[in-house]
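Okay, here's what each chain looks like letter by letter:
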Amino acid sequence: DNVSCNSVIKTCSKVRDGAAAVRWLHSMSANALRPDAITWTFALTAAGNDGSLVQHLFRQMVHESTEPDQTLFATLERLIGKHRSAELCAELGIDSSKQRRVGQR
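J.: Just to check I follow, could you spell out the pattern of salt bridges for this structure?
T.: Two side chains carrying opposite charge are able to pair once their charged atoms lie near each other. One pass over the structure, following the stated rule, counts three salt bridges. In this structure, Glu91 engages Arg59 in a salt bridge whose closest nitrogen and oxygen atoms are separated by 3.0 Å. Here Glu91 is found in helix α6 (residues 82-92), whereas its partner Arg59 is found in helix α4 (residues 51-63), with 32 residues between them in sequence. Given the relative accessible area of 47%, Glu91 is considered partly exposed.

Encoded structure:
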């Protein structure tokens, strides 16, 4: 279930194992489980040493229509910087200041 997967991905985040977090995300999809903002926050943190992977995971999260929350935005900024985070959000149509997609109410 999601809680169990979140626990494992959280462990990946503690040891900065982005590859393992990605494997667990794939496992969730293969088992018809949908990662939530908490899952993605842990996965981003796990990938923290690899800015490209962080950005890839954020794009994947947006593509899968998961709404980022305030904690996720703060994590993204911490990992790739405020400027790059703002650029990435703008590129993907995400209004990080309002924590929603541009055009949504």
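Let us keep going from here.
J.: Help me understand the environment of Asp1 in this model?
T.: Within the secondary structure, Asp1 sits in the segment before α1 (2-14). Overall, Asp1 belongs to the exposed group, its relative accessible area being 56%. The sequence separation of Asp1 and Ala32 amounts to 31 residues, and the corresponding C-alpha distance is 9.6 Å. Within polar-contact distance, the side chain of Asp1 engages the side chain of Ser4 at 2.7 Å.

J.: Where do I start with the nonpolar core in this structure?
T.: Within soluble globular proteins, side chains that are nonpolar generally end up buried alongside one another. In terms of nonpolar packing, the biggest core is built from 27 residues, with Ile9, Leu44, Val54, Leu57, Phe58 and Leu76 touching the most fellow members. Contributions of two or more residues to this core are made by α1, α2 (18-30), α3 (37-46), α4, α5 (70-80) and α6. Examining the composition of this core, we find that six residues originate from one element, α4, more than from any other.

J.: Which parts of the structure should I look at to understand α4?
T.: Given 3.6 residues per turn, any residue in an α-helix points the same way as the ones three and four places further on. With 13 residues, α4 extends 18 Å from end C-alpha to end C-alpha; this agrees with the ideal 18 Å at 1.5 Å per step. All of the buried residues in α4 are Leu53, Val54, Gln55, Leu57, Phe58, Met61 and Val62. Between the side-chain oxygen at the start of α4 and the backbone nitrogen of Ser52 there is a gap of 3.1 Å, and the oxygen is on Asp50. Of the residues trailing α4, Ser65 is marked for its positive phi of about 65 degrees.

J.: Help me understand the packing of α3 against α5, please; the structure alone is not making it clear to me.
T.: If you want to describe how two helices pack, look at the angle between their axes and the distance between the axes. Running from N to C, α3 and α5 point in directions that differ by 10 degrees, and their axes come no closer than 9 Å. The orientation of α3 with respect to α5, classified from their angle, is roughly parallel. Residues Ala37, Trp40, Thr41, Leu44 and Thr45 of α3 form the contact with α5, whose own contacting residues are Thr71, Leu72, Thr75, Arg78 and Leu79. Across the contact of α3 with α5, the residue classes break down as five nonpolar, four polar and one charged.

Calculation rules
Every chain is numbered independently, its residues counted from 1 as its sequence is written. Where local features are concerned, this predicted model is filtered to residues with pLDDT of at least 70; where side-chain atom pairs are given and counted, the filter is 80 or more; whole-chain, interface and lining totals use all residues. Calculated side-chain values reflect all of the structure's heavy atoms, with hydrogen atoms and water omitted. Put simply, a salt bridge is a Lys or Arg side-chain nitrogen that is within 4 Å of an Asp or Glu carboxyl oxygen. What counts as a helix is a DSSP run of H or I of at least four residues, what counts as a strand is a run of E of at least two, and both are numbered from the N terminus. Remark: exposure states derive from per-residue accessible area (1.4 Å probe, protein chains only) relative to the maximum for the residue type, with buried under 20%, exposed over 50%, and partly exposed in between. Polar contacts, as used here, are pairs of N or O atoms within 3.5 Å; protein pairs need one atom able to donate a hydrogen and one able to accept it. Residues neighboring in sequence count only if both atoms are side-chain atoms. Among buried residues, the Ala, Val, Leu, Ile, Met, Phe, Trp, Tyr and Cys ones that are joined through side-chain atoms within 4.5 Å form a nonpolar core. A helix is expected to span 1.5 Å multiplied by its residue count minus one. Between the N-to-C directions of two axes lies an angle of 0 to 180 degrees, each axis being a line fitted to C-alpha atoms and, for a helix, fitted only over the stretch in contact. With respect to orientation, any angle under 35 degrees is reported as roughly parallel, any angle over 145 as roughly antiparallel, any angle of 65 to 115 as roughly perpendicular, and every other angle as oblique. Whether two residues touch is decided by their heavy atoms; if any such pair falls within 4.5 Å, the residues are in contact. Three categories are distinguished: nonpolar for Ala, Val, Leu, Ile, Met, Phe, Trp, Tyr, Cys and Pro, charged for Asp, Glu, Lys and Arg, and polar for the others, with Gly belonging to the last.

Purely spatial values, then, with no claim about function.
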